[in-house]
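Structural overview
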Amino acid sequence: MEKTTLKSWGLVLFLLVLNGGLETSNSLVEGSAATSNYSYTKYHPMDEIYRWMDDVERGNPELVSSTVYGRTHEERNITLLKLGLKNPAGREKKAIWMDCGIHAREWIAPAFCQWFVKEILQSYKTNEKLTQLLQNLDFYVTPVINVDGYIFSWTNQSTRLWRKSRSVPPPGCDCYGVDLNRNFNANWGTVGVSYDCCKNTYCGTSPISEPEAKAVTDFVGSRINQILCFLTIHSSGQLILLPYGHPEISAPNYDELVSVGKAAAAEMKKPHGMDYTVGTSPQVLYGNSGSSRDWARLVGIPFSYTFELRDKGEFGHLLPEEQIQPACQEAYVGALSIITYVHNKAFNITTIPNAAVTTVTGITTVTGVAMTIWSTIMAVSLTTGVLV
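No experiment lies behind these values; they were computed from the predicted model shown.

One way to put it is that helix α6 (residues 128-136) packs onto helix α12 (residues 324-346) with a least axis distance of 11 Å and a crossing angle of 60°. By the criterion of interaxial angle, the relationship of α6 to α12 is oblique. Both α6 and α12 take part in a crossing whose hand is left-handed. Two secondary-structure elements touch here, α6 through K129, L130, Q132, L133 and N136 and α12 through Y332, L336, I339, T340, H343 and N344.

As structure tokens, this is what we get:
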């Protein structure tokens, strides 16, 4: 009777892991307190995101720390979470950069940065490959760069689609804000920008004129030899964009960037059948200059990509909350596909045990955490096209 009961509960537990979605996995998988009480299938205002960052750091001191690396025009903190484990051999670690929310209205982007952190917290202790990544790499994750603009987009329906920062207008203009993804020192002001401060693609008065762009430039620029990959998350259009936005310039490792991007797109299609197009911005969208992606490649970071998440135009920047989970699931496997490739190349690793890219919370595949729990049970029972 006792063995039968144990088997029955084991089967129930396994089915819950496979089909219970986010909330079930949160209650079963070890991680910070924030991951069990915080809803990752809702959009959150900035004050809740700040509190979530504090909770994640406090609940996972062995893995997570935070750094305030800049201040916005309205004097708010620009904060990143650093995820990483001590290298057991004492080797120098490399790093991955990920930022979200450079455009205020693209709410799915900050939702993904939070999802990404949550997945790492829930998976790394049971996923051998992910543990290896964290021992060799530090992940710098900024959930929201454009804090002022993001807060403004939450004001009311009339501000929901605000895109730019909230810096004061230049002389002779009445319109606030700069497109931060046109303000980096990468062929600044040459293609796909506006000098009209009332336009959504207004590039500012000069390269790095905005404190948000300067914060990224200073932090990343001081770590160019450490950072292997620069990932900046946007929406929408379902694209993986690589350098450069200028139509007459190609990255020296263009072919490799395309190959790695296409491998990521193939992984992103697996969870929900969604297609992501890979290419430079001029190839698949339009030319643009002054992007953080282009700047990162120009200063020497070998792998630099922009992810444009869902969708292809039906909802655009008003992606409903019921699509947060599937959108984040496909983005997560795409990001880990790139990160794993970059890591393996840097550390001369040719085999991928317990590949990190197969673990996706809520997907009915017997991998990662679900496989670990199932194995335990068995052992016991047997004994757009929009602006980017």
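Additional details are given in the paragraphs that follow.
Take the nonpolar core next. Counting residues in hydrophobic clusters, the biggest one holds 70 residues, and the most contacted among them are F112, F116, F139, Y305 and F307. Setting aside residues up to four positions removed in sequence, F112 forms contacts with M98, I233, L309, C328, A331, Y332 and A335. A95, Y140, A215 and W295 belong to the second largest nonpolar core, which has 21 residues in total.

All right, on to the sheet that holds strand β6 (residues 239-242) then. The mixed open sheet is built from 8 strands, whose spatial order is β1-β2-β4-β3-β5-β8-β6-β7. Edge strands, defined here as strands with exactly one partner in the open sheet, are β1 (64-71) and β7 (277-280). Adjacent strand axes in the sheet meet at a mean angle of 20° when their direction is disregarded. Contacts from α6 reach β2 (77-83), β3 (94-100) and β4 (137-142), with the element oriented near 85° to β4.

So, on to the confidence of the model for the chain. Per-residue confidence for the chain gives a mean pLDDT of 87, with 81% of residues at or over 70. Low pLDDT, under 50, characterises residues 1-34; the stretch is placed with 55 contacts to residues that sit more than four places away or in other chains. With pLDDT under 50 throughout, residues 361-386 is counted as low confidence; its partners more than four residues away or in other chains account for 55 contacts.

It is worth spelling out unusual backbone geometry at this point. That bond from S235 to S236 is cis: its omega, 5°, falls within 30 degrees of zero. With respect to the helices and strands, the residue S236 is situated in the loop between β5 (227-235) and β6. Note the cis peptide between R310 and D311, where omega equals -5°. The backbone of N187 sits at a positive phi, close to 50°, despite the residue not being glycine. Assignment of secondary structure puts N187 in the loop between α7 (147-153) and α8 (211-221). A relative accessible area of 26% means that N187 is categorised as partly exposed.

Next up on the list: the environment of I301. Positionally, I301 belongs in the loop between α11 (292-298) and β8 (303-309). By relative accessible area, which is 0% here, I301 ends up buried. Considered as a pair, I301 and R223 are 78 residues apart in the sequence and their alpha carbons are 9.6 Å apart. Apart from the residues within four sequence positions on either side, I301 is in contact with V220, I227, L228, C229, F230 and A296.

Conventions and cut-offs
Residues numbered from 1 in each chain as written. Predicted model: local features only at pLDDT ≥ 70, side-chain atom pairs only at ≥ 80, totals over all residues. Heavy atoms only, no water. Axes fitted to C-alpha atoms, helices over the stretch in contact; angles between N-to-C directions. Helix = DSSP H or I, 4+ residues; strand = E, 2+ residues; numbered from the N terminus. Parallel < 35°, antiparallel > 145°, perpendicular 65-115°, else oblique. Left-handed = near helix turned anticlockwise from the far one by under 90°. Contact = heavy atoms within 4.5 Å. Core = buried A, V, L, I, M, F, W, Y, C linked by side-chain atoms within 4.5 Å. Buried < 20%, exposed > 50% of the residue type's maximum accessible area, 1.4 Å probe, protein only. Pairing = 2+ DSSP bridges. pLDDT = per-residue confidence, 0-100.

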